[in-house]
Amino acid sequence: MNLDRSRSLQGTDRLARGIGLLGIGLGLYGLLAPRSVTRSLGVEGSEALVRTCGARGVVTGIGALTEDPKPALWAKAAGDILDLAALSFLLADRDHPKRGSVKLAMGMVGASAAATLYCARAQTERHAYQGGRTPDYSGRSGFPQGVAQARGAAARSGGARPAALPSPARSPGTRTPASTSRPTSTGYVRGSDYDY
Amino acid sequence: MKALCWHGKNDIRYETVPDPQIEHSRDAIVNVSSCAICGSDLHLYHHFIPGMESGDVVGHEFMGEVMEVGSDTRDLKVGDRVVVPFTITCGECDQCRRGNYSVCERSNRNKALADKVFGHGGAGLFGYSHLTGGYAGGQAEYVRVPFADQTHIKVPDSLTDEQVLFLGDIFPTGWQAAVACEIEPTDTVAIWGAGPVGQFCVRSAVLLGAEQVVVIDNVPERLAMAEAGGAITINFDEESVLGRLQELTHGKGPEKCIDAVGLESHVPRSIDSVYDRVKQAMMLESDRAHVLREMIYVCRPAGILSIPGVYGGLIDKVPMGPLMNKGLTVRTGQTHVKRWTDDLLRLIDEGQIDPSFVVTHTAGLEQGPDMYNTFRNKQDGCVKVVLKP
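These numbers were taken from a predicted model, which means no experiment stands behind them.

What counts and how
Residues numbered from 1 in each chain as written. Chains lettered and ligands numbered in written order. Predicted model: local features only at pLDDT ≥ 70, side-chain atom pairs only at ≥ 80, totals over all residues. Heavy atoms only, no water. Helix = DSSP H or I, 4+ residues; strand = E, 2+ residues; numbered from the N terminus. Rg over C-alpha atoms; globule rule 2.2 N^0.38 Å. Buried < 20%, exposed > 50% of the residue type's maximum accessible area, 1.4 Å probe, protein only. Lys, Arg positive; Asp, Glu negative; His and termini not counted. Charge placed at Lys NZ, Arg CZ, Asp CG, Glu CD. Phe/Tyr/Trp six-rings, centres within 6.5 Å; stacked < 30°, edge-to-face > 60°. Lys NZ or Arg CZ within 6 Å of the ring centre and 35° of its normal. Domains from an automatic or database assignment. Contact = heavy atoms within 4.5 Å. Buried area = accessible area lost by both parts, 1.4 Å probe. pLDDT = per-residue confidence, 0-100. Salt bridge = Lys/Arg side-chain N within 4 Å of Asp/Glu carboxyl O. Polar contact = N/O pair within 3.5 Å; in protein donor to acceptor, adjacent residues only side chain to side chain. Nonpolar A, V, L, I, M, F, W, Y, C, P; charged D, E, K, R; others polar. Pairing = 2+ DSSP bridges. Axes fitted to C-alpha atoms, helices over the stretch in contact; angles between N-to-C directions.

Chemist: Explain the overall build of chain B to me, and be specific about the residues and the numbers.
Modeler: Each helix and strand counted, chain B has 13 helices and 18 strands in total. The C-alpha radius of gyration of chain B comes to 20 Å, within 12% of the 21 Å expected for a compact globule of 389 residues. Dimensions along the principal axes, computed over C-alpha positions, put chain B at roughly 60 × 50 × 45 Å. Classification of the 389 residues of chain B by burial places 66% in the buried group. Across chain B, the 36 positively charged side chains and the 52 negatively charged ones have centroids separated by 5 Å.

Put into structure tokens, the structure is as follows:
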């Protein structure tokens, strides 16, 4: 992969977004206008199936837009391959009245499957947890004098031992009524507009 | 100057931006020597935090040398070496006087907006959306620090950047989470998440004298690091969290539970996680609450739940019945950094703890975009990234 090191968003991240948005758009079309799809493919009566495919497209499309698009991309690629299989079944019928439309649809779904597979693979590679050898951090205790010595050290020294919980009821320091407005040591007036 | 800028989901860029200027007499400009990528920066990276604008400079863990000051920065002088807390504090408002620095009433210059979203907004934060003031962040060569007379921690030259840098966020965050647990010598403290904050929760709980500290995660090297710090580890890919916690506590459950994960919990095999992912993808909830649910379930009655992990908005299916009937106490919030840093700096100076243990990757600022990816994917054993502008 040719990466632009000055930015974190790379080509395949943008491709994932494009696939996601396109998937949502086409999915919604299938959900809302299934008859138009079945008519163009010559499979009238299969509207429920088209709606199901549309819903699948919306779900995987939304997934492709999340911070971890990999599962959705693989699912979408699998869905595209299923669609291809269904379309090829239609194409096998030499008397099918809309063979031209089916061929066009196969081309589009095939292109989508190829792009999605490429993107899923690239994303999986780029965002993979390293696996393999686990770095050895067993020496990183953070306690120069050892864990045994550290255990309870702060409590023993008393320094920071629950001196002040983040609760007004146990707050340290002098309190001043909030309504009081008076000059402070820095010359600003409490409660006034600070010019930020 | 050069800086890392946010441009949308997964899109951080290394860019040239205008140099910061002194805008107020209490401002200072800091020449950044080291900055870090925080786990909560990943919430911005994944665009879970609202209020970001394209081009915003990110980063809220940074330190460096003061190179310019306004006319009213009191004892802060040019040349001082400082760590900058991620919460900007005026030091004068009612909350600052109470020590509740993370809810400073004056430092968020977009407070009206934050008040609309949260009811009452918190302090201004560096590089963390316009809801928290829209201040430029610290993953940059230079940073303007507002209220600089208050918003700084002076550090001695005898300590390295890596030893003190985390005083600005993750060390006091882990510490506050542990202090909020009111740890007793007989306590078991269970910590979800072995990321950088989780690691400091472990060290803090050990320093505060917990009998047992248990860490739950599934990343082997992070668990190994937690174990090195004195924790018993549970890999949730390999064993039952509930079963192991029951075994470790003789069936009573841990007295104290800490959520060091926050809104992006990753537990692929749990039903509620799948449910959360679907709802989040459909924008029907913003945060994934698996860890919260598990904590409420396993915690010993009358125990304490401490939540340093960042949540941004709405969660679903919170078991409020068990929470109430078990009499659990919930403590959470952004960190009141300045409340803890004197003590923590002393612990570092005395050699009780060396926070540099957590640094696994050091790189130039120009490698920042790549490092976001490495950190996010936990590649190459990445636990904590320090960038050198």
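Chemist: Describe the packing of aromatic side chains, naming the residues involved and giving the relevant values.
Modeler: Residue and element names in this part refer to chain B. The tally for this structure, following the rule as stated, stands at five aromatic pairs over all chains. Between Phe171 and Phe200, the aromatic rings sit 5.0 Å apart at their centres with planes inclined by 35°, giving tilted as the arrangement. Taken together, the residues span a long stretch of sequence, with Phe171 in helix α5 (residues 170–179) and Phe200 in helix α6 (residues 196–207) at a distance of 29 residues. Across the pair, exposure class does not vary: Phe171 and Phe200 are buried alike. Connected via pairs of aromatic rings, a cluster forms that spans Phe166, Phe171, Phe200 and Phe357. A cation over a ring is seen here: Arg109 above Tyr135, with NZ or CZ 4.2 Å from the ring centre.

Chemist: Residues and numbers for the domain arrangement of chain B, please.
Modeler: Interfaces are often described in size by the accessible area the parts lose on coming together. Residues and elements named next belong to chain B. For chain B, the domain assignment lists domain 1 (2–168 + 336–388) and domain 2 (171–332). Domain 1 and domain 2 are separated by 26 Å when their C-alpha centres are compared. Each side of the interface is counted separately: domain 1 has 28 residues, and domain 2 has 22 residues. Among the residues domain 1 hides against domain 2, the three largest losses belong to Phe48, Trp340 and Phe357. Together they make up 26% of the total.

Chemist: An account of the confidence of the model for chain A is needed here, citing residue identities and associated values.
Modeler: Of the residues in chain A, 77% have a pLDDT of 70 or more, and the chain-wide mean is 81. With pLDDT under 50 throughout, residues 160–196 of chain A is counted as low confidence; its partners more than four residues away or in other chains account for 87 contacts.

Chemist: Go over the interface of chain B and chain A with me, naming the residues and quoting the values.
Modeler: In this complex, chain B contributes 83 residues to the contact, which on the side of chain A involves 62 residues. Along the contact surface separating chain B from chain A lie three salt bridges. The salt bridge involving Asp11 of chain B is made with Arg7 of chain A; its shortest N-O contact spans 3.0 Å. Connecting chain B to chain A are 28 residue pairs in polar contact (both at pLDDT 80 or more). Those elements that place two or more of their residues in the side of chain B that touches chain A are β2 (12–16), α2 (94–97), α5, α6, α7 (220–228), α9 (271–281), α12 (337–349) and α13 (368–377) of chain B. Looking at the side of chain B that touches chain A, its residues break down into 31 nonpolar, 18 polar and 34 charged.

Chemist: Describe the sheet that holds strand β1 (residues 2–6) of chain B, with residues and values.
Modeler: All names here are of chain B. Reading across from one edge, β2-β1-β4 is the order of the three strands in this open sheet, with antiparallel pairing throughout. Across the chains shown, the open sheet's two edge strands, defined by having one partner strand only, are β2 and β4 (56–57). For β1 and β4, the ladder comprises two bridges, and the chain directions are antiparallel. In the strand pairing of β4, Cys5 is matched with Val57. Most of the contacts of α13 go to β2, to which it runs at about 165°, and overall it touches β1 and β2.

Chemist: With reference to specific residues and values, describe the sheet that holds strand β13 (residues 232–235) of chain B.
Modeler: In any sheet, the strands associate via hydrogen bonds between backbone groups, in a parallel or an antiparallel arrangement. All names here are of chain B. The six strands lie next to each other as β13-β12-β11-β14-β15-β16, forming an open sheet whose pairing is parallel. Taken across any chain shown, the strands that pair with only one partner, and hence form the sheet edges, are β13 and β16 (329–332). On average, each strand axis in the sheet is tilted by 20° relative to the strand beside it, whichever way the strands run. Both strand β15 (residues 304–307) and β16 contribute to a ladder of four bridges, which runs parallel. When the sheet's bridge partners are listed, Ile307 is paired in β16 with Thr332.

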